[in-house]
Amino acid sequence: REDGGRVQNCGTFGVLQEIFGSISTADGSALVKLGNTTVICGIKAEFAAPPTDAPDKGYVVPNVDLPPLCSSRFRSGPPGEEAQVASQFIADVIENSQIIQKEDLCISPGKLAWVLYCDLICLDYDGNILDACTFALLAALKNVQLPEVTISEETALAEVNLKKKSFLNIRTHPVATSFAVFDDTLLIVDPTGEEEHLATGTLTVVMDEEGKLCCLHKPGGSGLTGAKLQDCMSRAVTRHKEVKKLMDEVVKSMKPK
Amino acid sequence: MPGDHRRIRGPEESQPPQLYAADEEEAPAARDPTRLRPVYARAGLLSQAKGSAYLEAGGTKVLCAVSGPRQAEGGERGGGPAGAGGEAPAALRGRLLCDFRRAPFAGRRRRAPPGGGEERELALALQEALEPAVRLGRYPRAQLEVSALLLEDGGSALAAALTAAALALADAGVEMYDLVVGCGLSRAPGPAPTWLLDPTRLEEERAAAGLTVALMPVLNQVAGLLGSGEGGPTESWAEAVRLGLEGCQRLYPVLQQCLVRAARRRDAAAPL
């Protein structure tokens, strides 16, 4: 236990459940329930021309949506501040952790590449949205199957074979751990909505497999000492191991389609 | 989207791989025109909403949440003649605000989040169908917010959304005269085809006309009707409405069971 820190649900960092492959219209999907917080991620893959400044790369476009149905404090309309922050956070995680090499998404340099639209929708908001979104994204990406594409020489058009599909090459498995800070002293892991509301600051640490730090997100709030920060990071490493185990179990229990 | 700087930018345009796919989609199989797909309904599953419901019918998955009653926006309105039964005067009655959203991954082709006209039309249809069922006079100057989210479109999405919204309202404890049950129909193009109850997505895509009916089963009154397309003579439309109403009646017991189960679950959790 941290000094004054509290771990939820006796030892595990909040009960985490994942359901893979729930949506058949999406190329990959996952539903993650972290306590009460529920996030669904659907990934659709489309073709596009690669960006002119990086002709051998594809696109990964995340979008976090916090609709009014997840909590009464969100209104319908364009994405509010919180949704934009979450979207940018996910974009940073994807970029920094190199979860997918964008070069893998390129089919024909300069002409055709895959775009992965990752749409994360929060269905129930009870705090710790960033952790849940990261898990959902990771689980959905593991689930994505892209059809085989060949560029025929005669017509220079793409030919898609929907029958042959292959999984994405997921290089790393970033796992996010969030903490709520109270007045420089108290740290709570995996805060619920109420705890987040009362906290004076939050911190999110995204860890990789080999204990490498991918991303640290601390949007203002009260300060933390260096020692506390180190503590958080070691917590994040433990959390990563637990989540990875859970994910491997779920993947194994799913037969390949 | 070109001017939208609130979302992460992607490429200017993109095409789905299905456009380039070699094989053709199979035509929908012939089936009994009055078959209803088995429905899975569950109420009371979101912790943050006052009432919620999830409905799954074949491939269509809809989640609906209700919040409120909340102070209505808008200025003071003058009183009018009071309604019967001690309800607020007509001008002070509560409002129902409906929001219909389609998840970007819900259909075959990705739809960017601001859905545009179609979502607004469906939201309005939801509101028109739910208003007769809710006792808005009991919520003066308040508004109830109903948000429906379509997670996967497997055909008859509006009908499923209507049913889910009514279940969510009931789950929230909002006073209602009756539940609203929705049913979708579609008619394939051709010389003299029949109307199909509860179409799948394939059938809906190839349809020449579509219809959604909303029925209040106990009162046996039609709460809403939305249809479009080339349906043929008026008798054909009347036949379709009759078929739809029958379908709604058949769905009703499932929904009753769902609400009873949700109430039991809530009871079991409450005394803690």
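- Where an unreviewed UniProt entry is consulted, chain B appears under the name Exosome complex component MTR3, with the organism given as Equus caballus.
- Turning to chain B, the UniProt annotation filed under Sequence similarities (unreviewed entry) states: "Belongs to the RNase PH family."

- As recorded in an unreviewed UniProt entry, chain A goes by the name Exosome complex component RRP43, listed as coming from Equus caballus.
- The annotation that UniProt attaches to chain A under Sequence similarities (unreviewed entry) is "Belongs to the RNase PH family."

With respect to the overall build of chain A
Argument step 1. Regarding its fold elements, chain A presents four helices and twelve strands.
Argument step 2. Within chain A, buried positions represent 56% of all 257 residues.
Argument step 3. Across chain A, every contact between residues at least 6 apart in sequence was considered, and the portion connecting residues at least 24 apart equals 68%.
Argument step 4. About 11000 Å² of surface is accessible on chain A, with carbon and sulfur atoms providing 52% of the total.

Some words on the confidence of the model for chain B
All names here are of chain B.
Argument step 1. The pLDDT averaged across chain B works out to 83; a share of 86% of its residues lies at or above 70.
Argument step 2. Within chain B, helix H2 (residues 157-171) carries the highest mean pLDDT (93), whereas helix H3 (residues 201-205) carries the lowest (86).
Argument step 3. Scored below 50 in pLDDT, residues 75-84 makes twelve contacts in the model with residues more than four places away or belonging to other chains.
Argument step 4. Across the predicted assembly, pTM comes out at 0.86 and ipTM at 0.83.

As for the interface of chain A and chain B
Argument step 1. Taken together, the contact between chain A and chain B spans 49 residues of the former and 44 residues of the latter.
Argument step 2. Summed over both sides, the interface between chain A and chain B buries roughly 3900 Å², with carbon and sulfur atoms accounting for 58% of that surface.
Argument step 3. One can count three salt bridges joining chain A with chain B.
Argument step 4. Here Arg110 of chain B ties to Asp119 of chain A by a salt bridge, and the two come within 2.9 Å at their closest N and O atoms.
Argument step 5. Across the chain A-chain B interface, the total number found is nine residue pairs in polar contact (both at pLDDT 80 or more).
Argument step 6. Secondary-structure elements contributing two or more residues to the side of chain A that touches chain B are strand E3 (37-48), strand E4 (59-65), helix H1 (81-97), strand E6 (112-124) and strand E8 (158-167) of chain A.
Argument step 7. A per-element tally of the side of chain A that touches chain B places E3 of chain A first, with eight residues.
Argument step 8. When the residues that make up the side of chain A that touches chain B are grouped by side-chain class, the tally is 27 nonpolar, 13 polar and nine charged.

Here we look at the pattern of salt bridges
Argument step 1. Applying the stated criterion to the full structure yields 21 salt bridges over all chains.
Argument step 2. Between Glu175 of chain B and Arg135 of chain B there is a salt bridge; the shortest N-O distance is 3.3 Å. One end of the pair, Glu175 of chain B, is in the loop between H2 and strand E6 (181-187); the other, Arg135 of chain B, is in the loop between helix H1 (117-130) and strand E5 (142-152), and 40 residues separate them in sequence.
Argument step 3. Overall, Glu175 of chain B belongs to the partly exposed group, its relative accessible area being 27%.
Argument step 4. The class of Arg135 of chain B is partly exposed, set by a relative accessible area of 23%.
Argument step 5. Note that Asp171 of chain B and Arg266 of chain B form a salt bridge whose closest N and O atoms lie 2.3 Å from each other. Residue Asp171 of chain B is found in helix H2, and its partner Arg266 of chain B is found in helix H4 (residues 234-269); the two are separated by 95 residues along the sequence.
Argument step 6. For Asp171 of chain B, a relative accessible area of 7% translates into the label buried.
Argument step 7. Residues joined in a network through salt bridges with shared partners are Asp65 of chain A together with Asp99 and Arg101 of chain B.

Examining the packing of H1 of chain B against H2 of chain B
All names here are of chain B.
Argument step 1. At a minimum axis distance of 10 Å, the contact between H1 and H2 shows a crossing angle of 50°. Here H1 lies oblique to H2, going by the angle between them. Every pair of crossing elements has a handedness; the one defined by H1 and H2 is right-handed. Contact residues: Leu122, Ala125, Leu126, Ala129 and Leu130 in H1; Leu158, Ala161, Leu162, Ala165, Ala166 and Leu169 in H2.
Argument step 2. Across the contact of H1 with H2, the residue classes break down as eleven nonpolar, no polar and no charged.

Things to note about the packing of aromatic side chains
Residues and elements named next belong to chain A.
Argument step 1. A complete count under the given rule lists four aromatic pairs over all chains for this structure.
Argument step 2. Summarising the aromatic geometry, the rings of Phe47 and Trp114 are spaced 4.7 Å apart at their centres and angled 40° between planes, so their arrangement reads as tilted. In this pair, Phe47 sits in strand E3 while Trp114 sits in strand E6, placing the two residues 67 residues apart along the sequence. For the pair shown, Phe47 and Trp114 are each scored as buried.
Argument step 3. Each ring, one from Phe74 and one from Tyr125, has its centre 5.5 Å from the other, and the planes form 75°; the classification is edge-to-face. Remark: Tyr125 occurs in the loop between E6 and helix H2 (129-143) and Phe74 occurs in the loop between E4 and H1; sequence separation between them is 51 residues. Here Phe74 matches Tyr125 in class, with each residue buried.

Notes on H1 of chain B
All names here are of chain B.
Argument step 1. An ideal rise of 1.5 Å per residue puts 20 Å on 14 residues; H1 measures up with 20 Å between its terminal C-alpha atoms.
Argument step 2. For H1, every residue scored as buried is listed here: Glu119, Leu122, Ala123, Ala125, Leu126, Ala129 and Leu130. With its buried residues spanning 160° around the axis, H1 presents them on a single face. In H1, the exposed positions that point more than 90 degrees away from the buried face belong to Arg120 and Glu128.
Argument step 3. Those residues of H1 that are buried lie in contact with strand E4 (95-102), E5, H2, strand E8 (209-216) and strand E9 (221-229).

Some words on unusual backbone geometry
All names here are of chain B.
Argument step 1. Note that the residue after Gly68, namely Pro69, is joined by a cis bond; omega there is -10°.
Argument step 2. Within the secondary structure layout, Pro69 lies in strand E3 (residues 60-71).
Argument step 3. The phi angle at Asn220 is positive, at roughly 55°, despite the residue not being glycine.
Argument step 4. Tracing the backbone through its elements, the reader meets Asn220 in the loop between E8 and E9.

Calculation notes
- Residues numbered from 1 in each chain as written.
- Chains lettered and ligands numbered in written order.
- Predicted model: local features only at pLDDT ≥ 70, side-chain atom pairs only at ≥ 80, totals over all residues.
- Heavy atoms only, no water.
- UniProt positions renumbered as here; feature names shortened; annotations may be inferred.
- Helix = DSSP H or I, 4+ residues; strand = E, 2+ residues; numbered from the N terminus.
- Buried < 20%, exposed > 50% of the residue type's maximum accessible area, 1.4 Å probe, protein only.
- Contact = heavy atoms within 4.5 Å.
- Areas by Shrake-Rupley, 256 points an atom, 1.4 Å probe, with all protein chains shown as cover.
- pLDDT = per-residue confidence, 0-100.
- Buried area = accessible area lost by both parts, 1.4 Å probe.
- Salt bridge = Lys/Arg side-chain N within 4 Å of Asp/Glu carboxyl O.
- Polar contact = N/O pair within 3.5 Å; in protein donor to acceptor, adjacent residues only side chain to side chain.
- Nonpolar A, V, L, I, M, F, W, Y, C, P; charged D, E, K, R; others polar.
- Axes fitted to C-alpha atoms, helices over the stretch in contact; angles between N-to-C directions.
- Parallel < 35°, antiparallel > 145°, perpendicular 65-115°, else oblique.
- Left-handed = near helix turned anticlockwise from the far one by under 90°.
- Phe/Tyr/Trp six-rings, centres within 6.5 Å; stacked < 30°, edge-to-face > 60°.
- Expected span 1.5 Å × (residues − 1).
- Arc of directions from axis to C-beta.

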